[in-house]
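So the chains spell out like this:
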There are 2 protein chains.
Amino acid sequence: VKNLESTRLAVVGTGLIGASVGLAAKRAGAARVAGFDPDAAALALAVERRAIDTPAESLETAVAEAELVVVAAPVGAIVTLLSGALAANGGCTATDVGSTKARICSTLASESRFVGGHPLAGSETRGAGGARADLFDGSAWFLTPTPETDPDRYRFVRDVVGLLGAEAVAIDPEAHDLAVGLTSHLPHAVANVLANQVGAAGDHGLRVPASLRDMTRIAGANPELWAEIFLDNARNLGDALADHRRRIDELEELLRRGDADALSAWIEDAARNRPR
Amino acid sequence: VKNLESTRLAVVGTGLIGASVGLAAKRAGAARVAGFDPDAAALALAVERRAIDTPAESLETAVAEAELVVVAAPVGAIVTLLSGALAANGGCTATDVGSTKARICSTLASESRFVGGHPLAGSETRGAGGARADLFDGSAWFLTPTPETDPDRYRFVRDVVGLLGAEAVAIDPEAHDLAVGLTSHLPHAVANVLANQVGAAGDHGLRVPASLRDMTRIAGANPELWAEIFLDNARNLGDALADHRRRIDELEELLRRGDADALSAWIEDAARNRPR
């Protein structure tokens, strides 16, 4: 598709991401976006923000006329909602925005109309109140087609994602979860650890250095959502945490040895390895 | 002092911090700032940046006329330079800008003309090229007077620090090192660990999420300087790393148990504990 003027969209789950999908779709020309959220207040807020034009009282009603259903729910609820949408509308294509992909894609492996997705965008805010039409502009949006995925439907989702402002990046679901375990879930986990560690020390009488504030900015975000993400990717995150612990051990050993040259070389490694 | 128009300053070590002290002092009215650096190129750059008016060929010459000597050197070199300055000029007051304070202050415990200092300001750049007159504006500048410190000299240093734009904060040297071990040295150490961890994983094919970039911004900064800081505060940093490791263990146990409620509560703790 070249624009969204004649594309019928339904958004299931109208929080920050779902409502931003609605706003970005409207910006790209979508005439009407249908929406459903089990939380009536969340749905009403998305309508108020003009992210959703046609609120529905059920999943089935929301997706009945849709060509593309976007499920923007917590990862623990996604498979049920996707299955419900695909069953309620035999012609639609469905995608999701979950932060983990392996379990969701393997559960729906036989479903040719499903294309897994994960926009690498977000905010410390939550809910449709923080939704923005430009939330996805210039950011990566992972898509995880499998051998069973209908290639035409994959291209359709890829085009829509581009029209929402993002850059579609195809990746294997398992490779996706391994990578985000390291680059997203580990940093989130460590930010939480640091926040709890500094908090437990009580008032240290110092102002917070910018470095510490940067390193704990994402701490404490959306507890229920993130608990589900951590558990859904527990194997990869667990491996990353075990590696983190081994590296902390190594640093402690360098400190015990009092070897300034080795410590300096270790920091130089970090200078080379720093993600840019 | 109310301004620096008639205060004779000498800066020893004319890198980022030392040259910024010179620039901030000039901004506050200082007529002439003397300077010395064992690295002739570093001294020349500070003169070129107009941070230093009177470059000297030795520590002794630089401090000969000074009322206040500011030693802005790596922590491993500070005690020697302070001792040299205090011996060369029997009337001057001396302070330093080292990131650790306990060892320096206990080594110089009998010296009533010394006031330990640590400006909580910096940059990822280094050298006089990145120096700024406003580097200290609005930031905390720790001062660590001891029972032996001459109260008049402490007030003098406190006033100068204020005129450089910073807010002087008096703190016990041991309490300072405990606090910065947790709020500064631990975050630096963990940022280095994360950078090395992500680097070791090789190219994961993903763009770097903003959260990971925030958490590794300080990784790899000034290897020699930071190796000395880590070693000088090895006991406090070691304790903080051991606590960090215990908390990583706890998180791994929560993941193994698969307890979403406990995990969510743990993230909620981090939301409350997040430094602001």
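Small disclaimer: the values here were computed from a predicted structure and weren't measured.

Colleague: Explain the packing of helix 10 (residues 234-257) of chain B against helix 11 (residues 260-273) of chain B residue by residue, including any values.
Modeller: Residue and element names in this part refer to chain B. Two numbers describe how helix 10 lies on helix 11: the axes approach to 8 Å, and their chain directions differ by 150 degrees. In terms of axis orientation, helix 10 runs roughly antiparallel to helix 11. Contacts between helix 10 and helix 11 involve Leu251, Leu254, Leu255 and Arg257 from the first element and Ala262, Leu263 and Trp266 from the second. Here the contact of helix 10 with helix 11 is built from residues that sort into six nonpolar, no polar and one charged.

Colleague: Go over the sheet that holds strand 8 (residues 167-170) of chain A, please, and point to the residues and values.
Modeller: All names here are of chain A. In spatial order, the strands read 3-2-1-4-5-6-7-8; together these eight strands make up an open sheet with mixed pairing. What marks the edges here is a single partner per strand, and that holds for strand 3 (54-55) and strand 8. With four bridges joining them, strand 6 (residues 114-119) and strand 7 (residues 140-144) adopt antiparallel strand pairing. Of the residues in strand 7, the one forming a bridge with Gly117 is Leu143.

Colleague: Break down the interface of chain B and chain A for me, with residues and values.
Modeller: Contact with chain B, which involves 79 residues of that partner, is made by 79 residues of chain A. Regarding the contact of chain B and chain A, the summed buried area is about 7,200 Å², with carbon and sulfur atoms giving 71% of it. Between A:Arg245 and B:Glu252 there is a salt bridge, with its nearest N and O atoms 2.9 Å apart. Where chain B packs against chain A, one counts 21 residue pairs in polar contact (both at pLDDT 80 or more). Taken together, the elements giving at least two residues each to the side of chain B that touches chain A come down to strand 7 (140-144), helix 7 (173-200), helix 8 (210-215), helix 9 (223-232), helix 10 and helix 11 of chain B. In terms of residue count, helix 7 of chain B provides more of the side of chain B that touches chain A than any other element does, 18 residues in total. Its residues assigned to classes, the side of chain B that touches chain A comprises 47 nonpolar, 16 polar and 16 charged.

Colleague: Tell me about the pairing of strand 5 (residues 93-96) of chain A, and please be specific about residues and values.
Modeller: In the case of a regular strand, side chains alternate between the two sheet surfaces. Residues and elements named next belong to chain A. Of the two faces of strand 5, the one carrying Thr93 and Thr95 and the one carrying Ala94 and Asp96 are both buried. As paired elements, strand 4 (residues 68-71) and strand 5 share four bridges and run parallel to each other. Bridge pairing in strand 5 links Val70 to Thr95. You can see the chain leave strand 4, run along helix 4 (residues 75-88) and come back into strand 5, and the turn it takes is right-handed. In the sheet, strand 5 pairs with strand 6 via two bridges, with the strands oriented parallel. Across the sheet, Ala94 pairs through a bridge with Phe114, a residue of strand 6. Taken together, strand 5, helix 5 (residues 102-107) and strand 6 form a β-α-β motif whose crossover is right-handed.

Colleague: Hey, could you go over the sheet that holds strand 5 (residues 93-96) of chain B for me, with residue numbers and the actual values?
Modeller: Residues and elements named next belong to chain B. Sheet architecture is open: eight strands sit in the order 3-2-1-4-5-6-7-8, paired in mixed fashion. Each of the sheet's edge strands pairs with one partner strand only, and the pair in question is strand 3 (54-55) and strand 8 (167-170). Pairing of strand 2 (residues 33-36) with strand 3, which is carried by two bridges, proceeds in the parallel orientation. Residue pairing in the sheet places Gly35 in a bridge with Pro55 of strand 3. Packing against the sheet, helix 4 (residues 75-88) makes contact with strand 1 (9-12), strand 4 (68-71), strand 5 and strand 6 (114-119), and its axis sits at approximately 170 degrees to strand 5.

Colleague: Before we move on, can you summarise the relation of the copies chain B and chain A with the specific residues and values?
Modeller: For the match of chain B to chain A, the screw axis carries a shift of 0.0 Å, the RMSD comes to 0.0 Å, and the turn is 180 degrees. In the structure described here, the two chain copies are related by an operation that fits a two-fold rotation axis. Looking at the rotation axis and the C-alpha trace of chain B, the residue lying nearest is B:Met215, at 2.3 Å.

Colleague: Account for the side chain of A:Asn236, naming residues and giving values.
Modeller: Residues and elements named next belong to chain A. Here Asn236 is to be found in helix 10 (residues 234-257). At 2.8 Å, the side chain of Asn236 forms a polar contact with the side chain of Asn233. When sequence neighbours within four positions are dropped, the list of residues in contact with Asn236 reads Asp177 and Leu178.

Calculation notes
- Residues numbered from 1 in each chain as written.
- Chains lettered and ligands numbered in written order.
- Predicted model: local features only at pLDDT ≥ 70, side-chain atom pairs only at ≥ 80, totals over all residues.
- Heavy atoms only, no water.
- Axes fitted to C-alpha atoms, helices over the stretch in contact; angles between N-to-C directions.
- Helix = DSSP H or I, 4+ residues; strand = E, 2+ residues; numbered from the N terminus.
- Parallel < 35°, antiparallel > 145°, perpendicular 65-115°, else oblique.
- Contact = heavy atoms within 4.5 Å.
- Nonpolar A, V, L, I, M, F, W, Y, C, P; charged D, E, K, R; others polar.
- Pairing = 2+ DSSP bridges.
- Buried area = accessible area lost by both parts, 1.4 Å probe.
- Salt bridge = Lys/Arg side-chain N within 4 Å of Asp/Glu carboxyl O.
- Polar contact = N/O pair within 3.5 Å; in protein donor to acceptor, adjacent residues only side chain to side chain.
- Buried < 20%, exposed > 50% of the residue type's maximum accessible area, 1.4 Å probe, protein only.
- Right-handed = clockwise from strand over helix to strand, strands pointing away.
- Least-squares fit on C-alpha atoms with pLDDT ≥ 70 in both.

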